[in-house]
Amino acid sequence: MRVIIIGAGTGKRINVNEKNTPKCLLKINSKSILENQISLLQKNNINDIVVITGPNNEKFDIKNLQYVHDSEHSKHDILGSLMAAKNYICDDILILYSDILFEELILKQILDSKVDIGISVDLDWVKAYDGRTEHPVSEAENVLLDKKFNLVEIRKNIQENDSKIGEFLGIIKLTDIGCTIFKDKFNELKKSHSGVFHTASSLEKAYVTDMIQELIDSKIDVKPILIKGKWCEIDTMQDLKNAEKLISDAFNLLKNECPAKDSVECEWCRLIE
């Protein structure tokens with residue numbers, strides 16, 4: 001299993017005081033967001049890790065990783081950054097956003113899924129936005145499912161009464177077949193598409209979610225991987241402080257020999273071991 005982490009973003013809403021530090025290298029207590037992700041992956045015997053870098057790529061100095069520098073990061077958005085590592089999009093892979101933290105339970109649920117193209121979806125997502133004033137619920141990357149749990153739509157701020165709406169975590173799983181389908185569709189679009197691309201002004205400015213929507217609209221089988229567990233996105237200073245508290249609380253439980261450590265309820269403790 002290979003993991004590709006997209007770390008080319010500038011994090012404009014969080015890097016006010018550290019403009020020259022990539023967002024995923026900001027510290028949460030003693031470890032960066034990226035180091036937290038890598039620790040969890042390596043704990044689960046995933047050591048083939050590719051990190052896509054953008055501005056200030058010289059700041060990335062974690063050993064035993066493969067780095068791909070997206071030298072044209074200013075010309076495109078996150079989809080373009082992902083495709084800078086197209087040579088690594090093969091075999092069985094996970095694609096991760098670099099600004100998320102998630103517990104081991106979630107990782108195992110995704111790894112256990114048997115789909116060629118799958119995206120992680122949390123149906124119990126709304127409560128995480130309580131008090132999250134700097135990144136309101138309208139900014140959530142929502143996923144709309146039909147009654148049979150088929151993917152219908154993915155975009156920000158979906159509001160459909162009496163429908164199943166989840167949130168996309170920022171984790172995608174592809175088999176080798178899925179990788180081929182994904183790259184073939186992108187190459188086809190590069191040759192033929194012009195103008196607006198789903199929620200983006202162009203293919204060059206597209207998000208990964210725009211590409212997922214294109215696959216859905218093209219009748220390509222994209223499956224939701226429904227997860228349960230603790231996770232958080234770090235998009236603002238408020239999110240960073242919340243993540244610090246979350247990990248600090250988990251660490252305190254761990255130090256005090258949390259009696260629930262071996263249960264589902266305490267999986268978050270394992271993230272910081």
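Above: the structure in question.
The sections below set out a description of the structure shown in this document. (Residues numbered from 1 in each chain as written. Predicted model: local features only at pLDDT ≥ 70, side-chain atom pairs only at ≥ 80, totals over all residues. Heavy atoms only, no water.)

Side note on the overall build of the protein chain
Scanning the protein chain from N- to C-terminus turns up seven helices and 13 strands. Across the 273 residues in the protein chain, those meeting the buried criterion constitute 51%. Put simply, of all contacts in the protein chain between residues at least 6 apart along the chain, 69% involve residues at least 24 apart. When the accessible surface of the protein chain is totalled, it reaches about 13400 Å², and 47% of it is carbon and sulfur. (Helix = DSSP H or I, 4+ residues; strand = E, 2+ residues; numbered from the N terminus. Buried < 20%, exposed > 50% of the residue type's maximum accessible area, 1.4 Å probe, protein only. Contact = heavy atoms within 4.5 Å. Areas by Shrake-Rupley, 256 points an atom, 1.4 Å probe, with all protein chains shown as cover.)

Let's talk about the nonpolar core
Across soluble globular proteins, nonpolar side chains have a tendency to be buried as a group. Counting 39 residues, the largest nonpolar core has Leu82, Ile119, Leu174 and Ile212 as its most contacted members. Ignoring sequence-local partners within four residues, the contact set of Leu174 consists of Ile89, Asp91, Asp92, Ile93, Ile95, Asp116, Ile117, Cys179 and Phe182. By size, the runner-up hydrophobic cluster in this structure holds 25 residues, among which are Ile5, Ile46, Ile171 and Trp231. (Core = buried A, V, L, I, M, F, W, Y, C linked by side-chain atoms within 4.5 Å.)

A few points about the pattern of salt bridges
Scanning the model with the defined rule gives 15 salt bridges in all. With a shortest N-O distance of 3.2 Å, Asp235 and Lys23 are connected by a salt bridge. With Asp235 in the loop between strand 13 (231-233) and helix 6 (237-255) and Lys23 in the loop between strand 1 (2-7) and strand 2 (27-28), the pair connects residues that are 212 residues apart, well separated along the chain. We note that Asp235, like Lys23, is buried. The salt bridge involving Glu104 is made with Lys108; its shortest N-O contact spans 3.8 Å. Taken together, the residues Glu104 and Lys108, both in helix 3 (residues 104-112) and four residues apart, mark about one turn of the helix. A residue is classified by how much of its surface remains accessible, and Glu104, at 6% relative accessible area, is buried. Taken together, the shared-partner salt bridges connect Lys23, Asp99 and Asp235 into one network. (Salt bridge = Lys/Arg side-chain N within 4 Å of Asp/Glu carboxyl O.)

A word on the layout of surface pockets
When its volume is computed, the largest pocket comes out at roughly 950 Å³. Looking at the largest pocket, it is lined by 36 residues, and the ones nearest its centre are Gly9, Lys23, Asp77, Tyr207 and Asp235. Elements that contribute at least two residues to the lining of the largest pocket include exactly strand 1, helix 2 (78-83), strand 11 (164-174) and strand 13. No other element matches the four residues that strand 11 contributes to the lining of the largest pocket. Partitioned by chemical class, the residues of the lining of the largest pocket number twelve nonpolar, twelve polar and twelve charged. (1 Å grid on protein atoms, 1.4 Å probe; cavity = no way out; pocket = protein on both sides within 12 Å on 5 of 7 lines; lining within 4 Å. Points joined across faces, edges and corners; volume = space filled by probe spheres on them. Nonpolar A, V, L, I, M, F, W, Y, C, P; charged D, E, K, R; others polar.)

Some words on the side chain of Glu141
Topologically, Glu141 is positioned in strand 9 (residues 141-145). Of the residues examined, Glu141 reaches a relative accessible area of 15% and is grouped as buried. Discounting chain neighbours no more than four positions away, the residues touching Glu141 are Arg155, Lys156, Gly166, Glu167, Phe168 and Thr209.

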